[in-house]
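Understanding the architecture of this molecule
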Amino acid sequence: MRVILIFLVLFSSYSFANSTLLVKSGWQLIGLNLSVDDMKLFEAKNVEQVWYFDAKTQKWLGYSPDKLIQKKIDDRDFDKVESLKSWHGFWIKSKQEWMLSIENPDTDVVLKDNNISLEKGWNLISLPIDSAISPKAFDDVSIWKYSQNKWKFFGKDEDNKDFPTISHISNSDGIWVKSEKKQTISISKNSSKLHSFENMEQVKAYIKDMILVKDRPYFGYHPMDRMEVGGEFDA
């Protein structure tokens, strides 16, 4: 049975305090709602590797605060991650559990950066706003999300219907999106679309994520799922 909830209040807001995210140890696919202009934010005591997929070039970019690992990345002809936009999803391998904190810019910058640019094909993205929204905010795309140690899917592809359905996307989720065309999506404009839930467990999960997003003192706090992946560049 499907449960459809109509939300009279749009749960999207912009914070003037620092945006803070709990990052656990190991590999995780995550996103940030703010841009990272200086990769030194990922300190060697906390982070081993960061990887981003550039949809325009269809190439991976890697970064490590460890000079030996960065040299191995460079030697394999991977470009270096110099910065991350607010809507970029990325893989990160952390050495320990730690709090990632980014100072919020002024309101005009936040509002300007709520658009997501999708290339035709696969894109690795995240939400540039502090909220949890329906996957219906993305029109005519296939979406993959890794949550609670398993992949979830949303889209029209009947071959993937055996996977659990994505009920919502949080601001700290890194997601894979396959677009049939090059397009720009306004998240703030589309985030009011109705949520569809297959059961009460999905409803509870959505409410829990919204509470975590809005909770203080750590605005944007959200515990990350862990996933082991291959292709490591260990020193």
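Read on for a plain summary of the structure. No experiment lies behind these values; they were computed from the predicted model shown.

Observations regarding the sheet that holds strand β13 (residues 150-154)
Taking strand neighbours across the sheet as the criterion, the four strands line up as β10-β15-β12-β13 in an open arrangement whose pairing is antiparallel. This sheet does not close on itself; its edge strands, each paired only once, are β10 (121-125) and β13. Going from strand to strand, the sheet's axes swing by 20° on average, the running direction of each strand aside. Alignment of strand β12 (residues 141-147) against strand β15 (residues 175-179), held across five bridges, turns out to be antiparallel. Paired with W144 across the bridge in β15 is W176.

Brief notes about the packing of aromatic side chains
Going through the model one piece at a time under the given rule, you end up with nine aromatic pairs. Aromatic pair F42 and F90: ring centres 6.0 Å apart, planes at 75°, arrangement edge-to-face. Taken together, the residues span a long stretch of sequence, with F42 in the loop between β3 (26-31) and β4 (47-54) and F90 in strand β7 (residues 89-94) at a distance of 48 residues. For F90, a relative accessible area of 0% corresponds to the buried category. Here the aromatic rings of W51 and F78 are separated by 5.0 Å at their centres, their planes lie at 85°, and the arrangement is edge-to-face. Taken together, the residues span a long stretch of sequence, with W51 in strand β4 and F78 in the loop between α1 (67-75) and β6 (79-80) at a distance of 27 residues. A connected cluster of aromatic rings, assembled from ring pairs, spans F53, W60, W122 and W176.

Comments concerning the nonpolar core
Of all hydrophobic cores here, the largest spans 20 residues; its most connected members are M39, F42, V50, L84, F90 and I92. Secondary-structure elements contributing two or more residues to this core are β2 (19-23), β4, β5 (59-63), β7 and β8 (98-102). Once residues within four sequence positions are removed from consideration, L84 is found in contact with S35, V36, M39, F42, Y52 and F90. In this structure, I125, L127, A137 and V177 belong to the second largest nonpolar core, which totals 17 residues.

A look at the pattern of salt bridges
A full pass over the atoms with the stated rule returns five salt bridges. Close ionic contact of E48 with K93 constitutes a salt bridge, the shortest N to O distance being 3.5 Å. Note that E48 is positioned in strand β4 and K93 in strand β7, a separation of 45 residues in sequence. On the basis of relative accessibility, which here comes to 13%, the residue E48 falls in the buried class. For K93, a relative accessible area of 14% puts it in the buried group. The partner of D75 in a salt bridge is K71, and the shortest N-O contact between them spans 2.9 Å. Taken together, the positions of D75 and K71, both in helix α1 and four residues apart, correspond to about one turn of that helix.

Let's talk about the pairing of β3
Taken across its six residues, β3 has six buried, putting it largely inside the fold. Note that β3 and β7 share six bridges and pair antiparallel. If you follow I30 over to β7, its bridge partner there is F90.

Section: the environment of V36
Its place among the elements puts V36 in the loop between β3 and β4. For V36, a relative accessible area of 4% corresponds to the buried category. Sequence separation of V36 and H88 is 52 residues, and the distance between their C-alpha atoms is 9.8 Å. Every residue in contact with V36, bar those within four places of it in the chain, is listed here: L41, F42, S83, L84 and I102.

What counts and how
Residues numbered from 1 in each chain as written. Predicted model: local features only at pLDDT ≥ 70, side-chain atom pairs only at ≥ 80, totals over all residues. Heavy atoms only, no water. Pairing = 2+ DSSP bridges. Helix = DSSP H or I, 4+ residues; strand = E, 2+ residues; numbered from the N terminus. Axes fitted to C-alpha atoms, helices over the stretch in contact; angles between N-to-C directions. Phe/Tyr/Trp six-rings, centres within 6.5 Å; stacked < 30°, edge-to-face > 60°. Buried < 20%, exposed > 50% of the residue type's maximum accessible area, 1.4 Å probe, protein only. Core = buried A, V, L, I, M, F, W, Y, C linked by side-chain atoms within 4.5 Å. Contact = heavy atoms within 4.5 Å. Salt bridge = Lys/Arg side-chain N within 4 Å of Asp/Glu carboxyl O.

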